[in-house]
Amino acid sequence: MARPALLQQAERAFAADVRAGLAHGPQKELPSLYLYDTIGSGLFEVITALPEYGVTRAEERIVRRHAAEMASRLPHALVAELGSASGRKTRFLLEAIGRRHPVSYCPVDISPSALALCRHELADIPGVRIVGYERDYLDGLRQIVSERKAARPVLVLFLGSTIGNFRRLAATRFMR
């Protein structure tokens, strides 16, 4: 039985990405989209809770401690978060903004299960409307900006250590 053309195309793309990633030297790499399926996203959430992985807890402490001050200085903006995962770190800021005025929160993640978890984890915050984008960072951000009301500012959150996974040139291009 012949496999559907779309499946064959996806398999070819996967094989090409694996070949290219393994050919990189000295650091081998695979595109994140292959790592953050339902299981990969769940593993990431578990890893962030390990004692050895202090980045998430440190960020949570910083955001929790300064959320009210940050919210008081922000214009009435749309909040976009790149690589939101569960949105756990952003909760404190969204709660502080939501107490001041309604806010739209746009998590961007390549993982549909991470976005579902994010919606579930943050759905109880008063004044917060959640619209998730299953995209890579830049495509998601482009879509958010194109759909926003004219001239409405966008606060872009890029928490975590993800930028450390970029090669120097790629990180520079991304930040531009």
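Refer to the structure printed above.
Quick notes on the rules
Residues numbered from 1 in each chain as written. Predicted model: local features only at pLDDT ≥ 70, side-chain atom pairs only at ≥ 80, totals over all residues. Heavy atoms only, no water. Buried < 20%, exposed > 50% of the residue type's maximum accessible area, 1.4 Å probe, protein only. Helix = DSSP H or I, 4+ residues; strand = E, 2+ residues; numbered from the N terminus. Pairing = 2+ DSSP bridges. Right-handed = clockwise from strand over helix to strand, strands pointing away.

**Student:** An account of unusual backbone geometry is requested, with residue identities and associated values reported.
**Tutor:** Note on backbone geometry: most residues besides glycine have negative phi, and most peptide bonds are trans. Even without being glycine, Ala 85 reaches a positive phi, approximately 50°. On the basis of relative accessible area, Ala 85 is assigned to the buried category, the value being 12%.

**Student:** A description of the pairing of strand E2 (residues 103-109) should follow, citing residues and the corresponding values.
**Tutor:** Counting buried residues along E2, seven of its seven residues qualify, which places the element largely inside the surrounding structure. With burial as the criterion, each face of E2 is covered, one bearing Val 103, Tyr 105, Pro 107 and Asp 109 and the other bearing Ser 104, Cys 106 and Val 108. Two strands pair when backbone bridges link them, and strand E1 (residues 78-82) and E2 are joined in this way by four bridges, in the parallel orientation. When the sheet's bridge partners are listed, Ala 80 is paired in E2 with Cys 106. A crossover connection joins E1 to the parallel E2 through helix H4 (residues 91-100); in handedness this β-α-β unit is right-handed. Sheet topology places E2 next to strand E3 (residues 128-130); three bridges connect them, and they run parallel. From the neighbouring strand, Ser 104 faces E3, where its bridge partner is Arg 129. Between the parallel pair E2 and E3, the chain is carried across by helix H5 (residues 112-122), and the sense of this crossover is right-handed. Judged from the two bridges that link them, E2 and strand E4 (residues 133-134) form a sheet pairing that is parallel. From the neighbouring strand, Val 108 faces E4, where its bridge partner is Tyr 133.

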